[in-house]
Each structure stands twice: as C-alpha cells, then as structure tokens.
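Next come the chains, spelled out residue by residue.
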Amino acid sequence: HLAPSPSSESAPTTFKVACCCCRSRKDVQTCTHWKAPIIWEGTFNPEYYNKEYRKQNVIIGLTVFAVGNYLDLYLKNFLATADEFFMPGFPVIYYVFVDDLAKLQALELSGHREVTGLQVERHERWQDVSMLRMETISRAIETHIRHQVTYVFCFDVDQQFKGRFGTEALGELVGLLHAWYYRRPQYFYTYDHNPRSAANLDNSGDFYYHAAVFGGTWQQVRNLTESCYQAILQDKRNKVEARWHDESHLNKYFWLHKPTRVLSPEYCWDESIGWRRDIHVHRVTWAKKQYRLSRVN
Ligand code: UDP
Ligand code: MN
C-alpha cells in the first residue's frame, strides 16, 4: 500500500512515496495504523525527495514567534541554524513574529534568506502568547503567506537545528512525536481530560504530538491553526484552559484529522533525555530552558 496521496485542494505533490512498511528500519515504528509514514533516519533517501520537490519549485515558509525576552534569548541562534539545516538548497521565507520590530532589526540577521518581520501584541500571560499563535498564524496565512509559499512549518523558538530538516519532512499535514512520550504507554500521554475544554480527549489518542513543530501545505496549516484558535476561544468563553494549552488543542486536532506524515523525535530531540538507541540523529534540539529569565509573567 502507498502512503496517502494528497487531496486535490492543495495537491502540489504528484509523486508516490514507497510503501512505508518495507523501509529499512526494523527497530522503530515506521508507519501509523492509517498508513502515514513516520520519518526516521535510515528510512529515506534525501536526494530522492530533493529531486522531486525541486521539479515542483516549492517554496517553504517557516513561522516563529519571539515575544518578550524570547527574542534576546533564542531567536538569533534559531535562525542562524535554520539557515544551515532547514530545507537546505530550497527557497525558504521566514515569518518572524515579534513584539518589537526594532529589536529584530538590531539582530542584523546576515543569512541569505528572506526574513519577514511581523509585529504582534504581547499578551500578558505566557500561556496566551503561546496559545494565540494559532490565531496569528491563521490570519497571516490568509493575508499573505498563502500567496508566497506552498508549505508552512511552525516552530517554537527555544530550539536549534543541528542536522538536516529537509524535504523528506514535507507533506500535506505533518505532526511530530514528542520526545518524552514516543516510547511510553498511552496512559502517560498528557492530553486534556477536562470535559469542559474543547481539547478534551480521553485516552484513546494515537500518539502524543509535540506542538513545537508542525506543518503542511498552507491550506492544511490554515485549517489546523484556525480550528485550534476557535477551540481556544470557546474555552475562554467557558472559562477553562486546556492542560497544555495549544499543545492540547493540537493533539485533539490530530486525533480528528490524522497527519499524513509523522516526524520521529529525531526532528525535535531533548538532549537531557540522554542517549537512546533508536535516535540516530539530532536534527533539532531543545534549547536549555531559562524559565526564570524567559517567563517574566
Ligand atoms: N513565546 C514567546 N514569548 C513568550 C512565551 C512564548 O515568544 O513569552 C513563543 C516562543 O516561540 C516559544 C513558544 O511561544 O517557543 C512556546 O512557548 P514555550 O517554548 O515557553 O513553551 P514550552 O515549549 O515550554 O511548552
Ligand atoms: Mn518551547
């Protein structure tokens, strides 16, 4: 069987990917039960994907938020390492959402890629800064991102690229397995279990996805972010907040709308976990968290 082929709404991809059950890694799960590939080192040929996507002239958008002192602490390193490792050899536009454009300019980013700085409000609570990214991304896709790129990937800023994060990661709707939970039994998953929250999910989810990285075609990412934003608004009206904020809503969304491609934790690894036999490469790693400094409110 073949991995699901893209729907006609966005349909930039016309080539087939190989059967995901006959790939070369035997030690890890390489296919979801709905037949989406799970991308691990050793399961793909990067050159194959580069060649196919080059034919399609794809442009990839990357969104990242750096509000308050997250800008000082993490942004420069995030973008410098993205220059080197995110979609190497392909045109990428960075959409950087900040509360202080002057500070962004002062960073004097010297990379070769287009950087679009966008002003956002600084919400008082860090939970709102994080959650309401869904609203901002959805709006930005509607107003201009959709006219500029084929695919969009959305990242937390408190991390850095360490290895190739390339075209093998592109797909209609892409989710990432959370480094802490990928080998854990489902009862460890920290879904929201409050029936009053729109993110409520009983323990029947597929995986625990990490909200630090998600992506897909602009159409799919718009649908995802808009839907999560509406769910967040509903929670606010009902005076509840999901357990892990935007991540809980994302997990609910991926339960209802299965990702067509799933990234292994190699795509966002927490080095404090230590060595794991099945993690062959670190493509993105978590930055050392400076909660005291970064979460001022
Ligand atoms: N963020 C920000 N400023 C803040 C809080 C959050 O820019 O004051 C953005 C930033 O991109 C960050 C993301 O929201 O990476 C998610 O927040 P955080 O990384 O603190 O959440 P965690 O990864 O700890 O769940
Ligand atoms: Mn983070």
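Residues numbered from 1 in each chain as written. Chains lettered and ligands numbered in written order. Predicted model: local features only at pLDDT ≥ 70, side-chain atom pairs only at ≥ 80, totals over all residues. Heavy atoms only, no water.

Counting its secondary structure elements, the protein contains 8 helices and 10 strands. Taken across its 297 residues, the protein has 57% of its residues classed as buried. Across the protein, the fraction of contacts at a sequence separation of at least 24, relative to all contacts at a separation of at least 6, is 76%. Accessible surface computed for the protein: about 13,300 Å², of which carbon and sulfur atoms make up 51%. (Helix = DSSP H or I, 4+ residues; strand = E, 2+ residues; numbered from the N terminus. Buried < 20%, exposed > 50% of the residue type's maximum accessible area, 1.4 Å probe, protein only. Contact = heavy atoms within 4.5 Å. Areas by Shrake-Rupley, 256 points an atom, 1.4 Å probe, with all protein chains shown as cover.)

Quick look at the site of ligand 1 now. Residues in close proximity to ligand 1 total 13 residues, the closest being Phe65, Val67, Tyr70, Asp158 and Lys289. Between ligand 1 and Phe65 there is a distance of 2.6 Å, counted from an oxygen atom to a backbone nitrogen or oxygen. For ligand 1, the protein covers 86% of the area, taking 510 Å² as the surface of the free molecule. Residue assignment for the shell around ligand 1 shows that the elements contributing at least two residues are strand S2 (60–66) and helix H4 (126–131). Its residues assigned to classes, the shell around ligand 1 comprises 7 nonpolar, 1 polar and 5 charged. (Near = heavy atom within 4 Å. Polar contact = N/O pair within 3.5 Å; in protein donor to acceptor, adjacent residues only side chain to side chain. Nonpolar A, V, L, I, M, F, W, Y, C, P; charged D, E, K, R; others polar.)

Summing up the model confidence of the protein, the mean pLDDT is 92 and the portion of residues at 70 or higher is 90%. This model gives residues 1–11 a pLDDT under 50, and the stretch forms 22 contacts once residues within four places in sequence are excluded. Taken over the whole predicted complex, pTM reads 0.92, whereas the ipTM for its chain interfaces reads 0.99. (pLDDT = per-residue confidence, 0-100.)

It is worth spelling out the sheet that holds S2 at this point. Taken in spatial order, the 8 strands of this open sheet run S1-S9-S7-S8-S5-S2-S3-S4, and their pairing is mixed. Looking at the sheet topology across the chains shown, the edges are occupied by strand S1 (38–39) and strand S4 (114–119). Along the sheet face, helix H7 (residues 246–256) touches strand S7 (173–176) and strand S8 (213–217) and points at about 130° away from the line of S7. (Pairing = 2+ DSSP bridges. Axes fitted to C-alpha atoms, helices over the stretch in contact; angles between N-to-C directions.)

The protein atoms that coordinate the manganese ion (ligand 2) are Asp156 (OD), Asp158 (OD) and Asp158 (OD), at distances spanning 2.1 to 2.4 Å. Note on Asp158: relative accessible area 11%, which makes it buried. (Donors = N, O, S within 2.8 Å, 3.2 Å for Na, K, Ca; no water.)

Moving on: the packing of helix H5 (residues 133–143) against helix H6 (residues 218–237). Contact geometry of H5 with H6 gives a least axis separation of 8 Å together with a crossing angle of 140°. With respect to H6, the axis of H5 lies oblique. Along this stretch, H5 crosses H6, giving a crossing that reads as left-handed. When H5 is examined against H6, the residues Met134, Glu135, Ile137, Ser138, Ile141 and Glu142 are found in contact with a partner set consisting of Trp218, Val221, Arg222, Leu224, Thr225, Glu226, Cys228, Tyr229 and Ile232. Here the residues of the contact of H5 with H6 sort into 9 nonpolar, 2 polar and 4 charged. (Parallel < 35°, antiparallel > 145°, perpendicular 65-115°, else oblique. Left-handed = near helix turned anticlockwise from the far one by under 90°.)

Turning to the packing of aromatic side chains, a few remarks are in order. Here the structure, examined in full by the defined rule, presents 31 aromatic pairs. Seen in terms of ring centroids, Phe86 and Phe153 are 6.1 Å apart; in terms of plane orientation they differ by 70°. Their pairing is edge-to-face. Placement of Phe86 in the loop between helix H2 (70–85) and strand S3 (92–98) and of Phe153 in strand S5 (residues 151–155) is noted, with a sequence separation of 67 residues between them. Phe153 shares its class with Phe86; the two are buried. Centroid distance Phe86 to Phe165: 5.5 Å. Interplanar angle 50°. Geometry classified as tilted. Of the two residues, Phe86 sits in the loop between H2 and S3 while Phe165 sits in the loop between strand S6 (159–161) and S7, which places them 79 residues apart along the sequence. Through a chain of ring-to-ring contacts, the aromatic side chains of Phe78, Phe86, Phe153, Phe155, Phe161, Phe165 and Tyr267 assemble into a single cluster. (Phe/Tyr/Trp six-rings, centres within 6.5 Å; stacked < 30°, edge-to-face > 60°.)

Right, let's get into H6. In an α-helix, one turn spans 3.6 residues; hence positions three or four apart end up facing the same way. Between its terminal C-alpha atoms H6 stretches 28 Å, which fits the 28 Å expected from 20 residues at 1.5 Å a residue. Of the residues making up H6, those classed as buried are Trp218, Gln219, Gln220, Val221, Arg222, Leu224, Thr225, Cys228, Tyr229, Ala231, Ile232 and Asp235. Against the buried residues of H6 lie H4, H5, S5, S7, S8 and H7. (Expected span 1.5 Å × (residues − 1).)

Our focus in this paragraph is the pairing of S5. Across the 5 residues that make up S5, a large majority, 5, are buried. Taking every second residue as pointing to the same face, both faces of S5 are buried, with Tyr151, Phe153 and Phe155 on one and Val152 and Cys154 on the other. The sheet contact formed by S5 and S8 spans 5 bridges and is antiparallel. Residue pairing in the sheet places Val152 in a bridge with Gly216 of S8.

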